[in-house]
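# Chain and residue survey
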Amino acid sequence: MKFPRILIKAVIASALLTNCNNSNDLNPEPDTLGFESSSLTKKREITLEFIDLMQNQNFKNKTISLLKNQEPSVLLSKILNENSEFVSQKKTYSNLVSEATKSETFSENEMPEKIEVLEVWMHNSNETSDFSNVLFSFAPDGEEKDWSVIEAYTIDKKIVHLDAKTPPNQPVIVIETNGFETLKKEVELMNKQLRLEGVQNSRFDKIGNNFNSLAKMSRNQGLETTKLNKIRLNDDEEPWISGAAEIYAITSGIKDSDNSPEIKVIPMYYLDHDDTNYYPNQILLFWDDYKYQAANIQLFEKDDNINYKELTSTIVNGVFQIIGTISTQPWVNALGQVAGAIIQAMPDQWYTNNDDYVDSFYTIEKNKSYTDYYGARGNAKVNLAPFFVASN
């Protein structure tokens, strides 16, 4: 799921194919226009193996029960673990366990080139309780603006095609590799890389998000922060198969008299859907990190398998390119240029299937509250307020 772009989307020339009721008229061959990626092939294989297990009614019932309570998804490994007693196809089950576990694990010092964590979520816009005709699917390859049909399968593995833009009326279980769980790990490794590059202090490295510990470390015997109390994003018109949005914030400020930047990536796991108010009470700015009493908050969306290492390096390189030119400028000028460098470093294809630019809140002041405050693009509206975390 993505949010409106500055650029006007290209008009899709081909007529959109309708839902599975017309599936018999469709070409059942996947990706007839070119070579498909190994990732797409793997998702199809995993989906078909998952269908094999779902043919056991007990397995199916337990899985649907888990997915009904998804927030916003369920790890495939969890589904397999909690359904182990209902498995008769041991080889298929073992293979899926291996794939699910492999996607979740890497050593503490490892920074893999690509992260794809297997998880499962369910589209059920009508909130039906009848799952006799449930379908199984996964996101296509390529750019979302070019998607016209979504490949899906029935419980007996018959292929159908769904309209990419119009959500189907029946429930669809989706195998996801670049969703909520992937974002968790990518944010962790992006911050690690920012620390290695020297543009983030070691606060998160040492104590994570333990605010009591943060307060004890603060030179003020407490922690001065700015907290996000409310946020709302505008409507989007993206394919339903993309599921819930994966939004993260990049915060930036000036940390010393040389105008050196301090940059953090902060996940916003709760921010799933557009046109909805969220009340996260989430701390976004830690004022001990900055020399001056203003900072930036920029929102981006992750819903592709873009290489997080390349993205982080590109952001750092873009910021470092301007440091030499801003070291003698007034700090407030430097603050704006750091935020601009972060945007410029993002992929050119914001309007395609890459990390998307959602909005920017520039020069947020330390002791100031903001109510129903729109970002520069008018795409996000927030309530922000100073918040002091006292030490014990």
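Right, let's walk through the structure included here. (Residues numbered from 1 in each chain as written. Predicted model: local features only at pLDDT ≥ 70, side-chain atom pairs only at ≥ 80, totals over all residues. Heavy atoms only, no water.)

### Here we look at the nonpolar core
Counting residues in hydrophobic clusters, the biggest one holds 33 residues, and the most contacted among them are Y248, I250 and I342. Mapped by element, the contributors of at least two residues to this core are α5 (180-196), β8 (247-254), β9 (261-268), β12 (294-301), α8 (308-326) and α9 (331-345). In terms of residue count, α8 provides more of this core than any other element does, 8 residues in total. Apart from the residues lying within four places of it in its own chain, the contact partners of I342 are I250, S252, I263, Q298, F300, I315 and V319. The next biggest cluster of nonpolar side chains, apart from the first, holds 28 residues, and it includes F50, I64, M122 and F136. (Core = buried A, V, L, I, M, F, W, Y, C linked by side-chain atoms within 4.5 Å. Buried < 20%, exposed > 50% of the residue type's maximum accessible area, 1.4 Å probe, protein only. Helix = DSSP H or I, 4+ residues; strand = E, 2+ residues; numbered from the N terminus. Contact = heavy atoms within 4.5 Å.)

### Remarks on the packing of helix α1 (residues 38-54) against helix α4 (residues 90-104)
Across the interface, α1 lies against α4 with an axial gap of 10 Å and an inter-helix angle of 135°. Relative to α4, the element α1 is oriented oblique. As for the relative orientation of α1 and α4, their crossing is left-handed in sense. Side by side, α1 and α4 meet where K42, I46, E49, F50, D52 and L53 of the first sit next to T92, Y93, N95, L96 and E99 of the second. For the contact of α1 with α4, the residue count by class is 5 nonpolar, 2 polar and 4 charged. (Axes fitted to C-alpha atoms, helices over the stretch in contact; angles between N-to-C directions. Parallel < 35°, antiparallel > 145°, perpendicular 65-115°, else oblique. Left-handed = near helix turned anticlockwise from the far one by under 90°. Nonpolar A, V, L, I, M, F, W, Y, C, P; charged D, E, K, R; others polar.)

### Re the sheet that holds strand β6 (residues 172-176)
Either a parallel or an antiparallel arrangement is found when strands of a sheet pair, and the pairing is made through backbone hydrogen bonds. Here we have 6 strands laid out as an open sheet, ordered β1-β2-β6-β3-β4-β5, and mixed in their pairing. Two strands in the sheet have a free side with no partner beyond their single neighbour: β1 (74-75) and β5 (159-163). Strand direction decides the pairing type here: strand β3 (residues 135-138) and strand β4 (residues 149-153), joined by 2 bridges, are antiparallel. Across the sheet, residue F136 finds its bridge partner in β4, namely Y153. Contacts from α1 reach β3, β4 and β6, with the element oriented near 160° to β3. (Pairing = 2+ DSSP bridges.)

### Description of the pattern of salt bridges
Inspection of every chain in the model, using the stated rule, returns 16 salt bridges. Of the charged contacts in the structure, one is a salt bridge between K157 and D52, with a shortest N-O distance of 2.7 Å. In this pair, K157 sits in the loop between β4 and β5 while D52 sits in helix α1, placing the two residues 105 residues apart along the sequence. Relative accessible area serves as the criterion here: at 15%, D52 is assigned to the buried category. Taking the shortest distance from any N to any O, the salt bridge between K255 and E262 comes out at 3.9 Å. (Salt bridge = Lys/Arg side-chain N within 4 Å of Asp/Glu carboxyl O.)

### Focus: α5
For α5, with 17 residues, the first-to-last C-alpha span of 25 Å sits near the 24 Å given by 1.5 Å per residue. Where burial is concerned, most of α5 is hidden: 12 out of the 17 residues are buried. For α5, the set of buried residues is F180, E181, T182, L183, E186, V187, L189, M190, N191, Q193, L194 and R195. One or two steps after α5, the chain reaches G198, where phi turns positive at roughly 85°. (Expected span 1.5 Å × (residues − 1).)

### Overview of unusual backbone geometry
Residue E127 is not a glycine yet carries a positive backbone phi of 50°. Structurally, E127 is set in the loop between β2 (119-123) and β3.

### A word on α4
Helix length check: α4 (15 residues) gives 21 Å between terminal C-alpha atoms against 21 Å at 1.5 Å per residue, within 8%. Every buried residue belonging to α4 is among T92, Y93, L96, E99, A100, S103 and E104, and all of these are buried. For α4, the buried positions fall inside an angular range of 130° around the axis, keeping them on one side. Seen from the buried face of α4, the exposed residues on the opposite side, beyond 90 degrees, are K90, K91 and K102. Contacts from the buried residues of α4 go to α1, β1, α3 (76-82) and α5. (Arc of directions from axis to C-beta.)

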